[in-house]
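Here are the chains, one letter per residue:
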There are 2 protein chains.
Amino acid sequence: MKNITDKLIEKIEQLKNPTVAGLDTRIDFLPESLRKTATDGESTAKAIVEYNCNIIDALCDIVPAVKIQSAYYEMYAHHGIIAMNKTAEYAAAKGMIVMADVKRNDIGATAEAYAKAYFDGTLYDYITVNPYPGYDGIKPFTDKCKDNKGIFVLARMSNPSAAQLQNLIVDGQPLYLHVGKLIEEWGKDHIGECGYSAVGAVVGATNPEEARNLRTALKSVFFLVPGYGAQGGKGKDAAASFDENGRGAIVNNSRGIMAAHLSDKYKGMTYSAAARAAAEDMRDDLYKAIYT
Amino acid sequence: MKNITDKLIEKIEQLKNPTVAGLDTRIDFLPESLRKTATDGESTAKAIVEYNCNIIDALCDIVPAVKIQSAYYEMYAHHGIIAMNKTAEYAAAKGMIVMADVKRNDIGATAEAYAKAYFDGTLYDYITVNPYPGYDGIKPFTDKCKDNKGIFVLARMSNPSAAQLQNLIVDGQPLYLHVGKLIEEWGKDHIGECGYSAVGAVVGATNPEEARNLRTALKSVFFLVPGYGAQGGKGKDAAASFDENGRGAIVNNSRGIMAAHLSDKYKGMTYSAAARAAAEDMRDDLYKAIYT
């Protein structure tokens, strides 16, 4: 049976681009014309939606997926939640795969409420989940995989201090590898036709050697790869998360695409034209690193 | 200088009750009269606020704090966020300490957005945080401790599968103890007059021996103790998290208080009267276990 990761892989191969555009929309990314309309929580959230929709229009025929970073919406309380859900609706209507980067986690009964919140009657295909509570906090999310939903569970993150817990040595191996093996186990009943489970892992591009270890160890786990671009990861670093067929991962870029107009390279372009140009350059960089 | 934990301890000692009432409000807890007004997301969120306010009225002179479990509000999208914030406002106006149980976590820049979301211009005194990203994901929250805010970082949770990651052995000691020591380190610049830091730890009541180890190891870390009541923890289990002076922890009870009217013991009482009776019984149970 097909799972959501089959759909994601199809979309990636159709566009020849394993990129997810992160929508970590901050008010200071917006052009002056839009920023000046943002005078309170409600108008700021509206300005952010307008910005996001323009970015989505610029990307939807070349980028397969968007990842909405919840934190930047929660900042505007209920107005932010409306903005986040409107962005998801718009991206889904444009045929993109939609991920909500929420990193939720809790004990079983509460995780069930989170699974309902993000998967019942919403347009999110995937959410991110934190593994710290163990399996009973994961099961409510994996139960939704039968409804064509998926999750990415944190294994090895991209931030400088990720190693503080994630690289502690347990039985001669780093904790992230133990977590990776748990993720594989949690997803074994949700493997699609492509051989990848709807239960994936977050594996940063900032540590390619570790990504390579995880890729080798976890044959059925699809990776969401943060850390490309602003965090320092390059195409060749992200390539470590792909299998021998050039599958098995999707690479996130947030600021590098959605705020490309603020970088020297794309200066003078509109934010949507800059986003598209940056997404094309990233696609080419990944293509070269993965397939050549 | 006084920190938020000094304020919490003062309140606990004034009421002689180290209890936090969890507001994990589910629609099936509500009495028929209120439930029938809940026909969509907006009306359900309103009914939940009414229920919460009545519970708060019943508890505010005997229970020092409430903990609002975000998952049960996020289920109703933006309506839920309004309900959560209204509940916080009401509890704060009644003089209670307010905790948002959100278990947020992310890389530094994103954690900063979460810290703004929950601590800038809101009525939350504490939030819960997941330690998996390491220090750069924690610092944005501890930076807010100077503004009289606090956090509880997950160390050893109360759920059945918590041990799956949290009890893995690192250098001869369980992971939760390593995490506990990191929490102590992260909080060392935020210790109040009482000797406890504004950076606390979540330590479940369901594993009293582990709680005792953590209590002994972490002198300056105040504990938020889930797992009492519905999850099986008793007063004597929770007592393991308190120091030799009967300080150092606050014990959460959610269903056992807010849905007490559904249990055999308090059957026939209104939900608010049942909540008050259950909170009094819990206070007496804790008092006996901790102080005698």
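Cut-offs applied
- Residues numbered from 1 in each chain as written.
- Chains lettered and ligands numbered in written order.
- Predicted model: local features only at pLDDT ≥ 70, side-chain atom pairs only at ≥ 80, totals over all residues.
- Heavy atoms only, no water.
- Salt bridge = Lys/Arg side-chain N within 4 Å of Asp/Glu carboxyl O.
- Buried < 20%, exposed > 50% of the residue type's maximum accessible area, 1.4 Å probe, protein only.
- Helix = DSSP H or I, 4+ residues; strand = E, 2+ residues; numbered from the N terminus.
- Expected span 1.5 Å × (residues − 1).
- Arc of directions from axis to C-beta.
- Phe/Tyr/Trp six-rings, centres within 6.5 Å; stacked < 30°, edge-to-face > 60°.
- Lys NZ or Arg CZ within 6 Å of the ring centre and 35° of its normal.
- Axes fitted to C-alpha atoms, helices over the stretch in contact; angles between N-to-C directions.
- Parallel < 35°, antiparallel > 145°, perpendicular 65-115°, else oblique.
- Left-handed = near helix turned anticlockwise from the far one by under 90°.
- Contact = heavy atoms within 4.5 Å.

Colleague: Could you give an account of the pattern of salt bridges, with specific residues and numbers?
Modeller: Pairs can form between side chains of opposite charge whenever their charged atoms are close. As enumerated under the stated definition, the model contains 44 salt bridges over all chains in all. The salt bridge involving A:Asp28 is made with A:Arg26; its shortest N-O contact spans 3.1 Å. Judged by its relative accessible area of 38%, A:Asp28 is partly exposed. A residue is classified by how much of its surface remains accessible, and A:Arg26, at 28% relative accessible area, is partly exposed. Salt bridges sharing partners connect three or more residues here, namely A:Lys67, A:Asp101, A:Lys103 and B:Asp106.

Colleague: Please set out helix 5 (residues 77–93) of chain A residue by residue, giving values where relevant.
Modeller: Residues and elements named next belong to chain A. If you check helix 5, its first and last C-alpha atoms are 25 Å apart, about what 17 residues at 1.5 Å a residue would give, namely 24 Å. Every buried residue of helix 5 is accounted for by Gly80, Ile81, Ala83, Met84, Thr87, Ala88 and Ala91. Buried residues of helix 5, viewed axially, fall in a sector of 160°; they line one side. Downstream of helix 5 by one or two residues, Gly95 has phi in the positive range, about 85°.

Colleague: Could you give an account of the packing of aromatic side chains, naming the residues involved and the relevant values?
Modeller: Two numbers describe a pair of aromatic rings. These are the distance of the centres and the angle of the planes. Residues and elements named next belong to chain B. One pass over the full model with this rule turns up 12 aromatic pairs over all chains. Plain terms: the ring middles of Tyr287 and Tyr291 are 4.8 Å apart, the flat faces sit at 45° to each other, and that makes the pair tilted. Of the two residues, Tyr287 and Tyr291 both sit in helix 13 (residues 271–291), four residues apart, roughly one turn of that helix. Taking the relative accessible area as the measure of exposure, Tyr287 reaches 39% and is therefore partly exposed. A relative accessible area of 37% places Tyr291 in the partly exposed class. Between Arg215 and the ring centre of Phe223, over which it is positioned, the NZ or CZ distance is 4.1 Å.

Colleague: Describe the packing of helix 3 (residues 41–59) of chain A against helix 13 (residues 271–291) of chain A, naming the residues involved and giving the relevant values.
Modeller: When two helices pack together, you describe them by how their axes are tilted relative to each other and by the distance separating the axes. Residue and element names in this part refer to chain A. Here helix 3 crosses helix 13 at 45°, and the two axes come no closer than 9 Å. Overall, the two elements helix 3 and helix 13 adopt an arrangement that is oblique. Once helix 3 is placed against helix 13, the crossing between them reads as right-handed. Every residue of helix 13 that contacts helix 3 at Glu50, Tyr51, Asn54, Ile55, Ala58 and Leu59 is listed here: Tyr271, Ser272, Ala275, Arg276 and Ala279.

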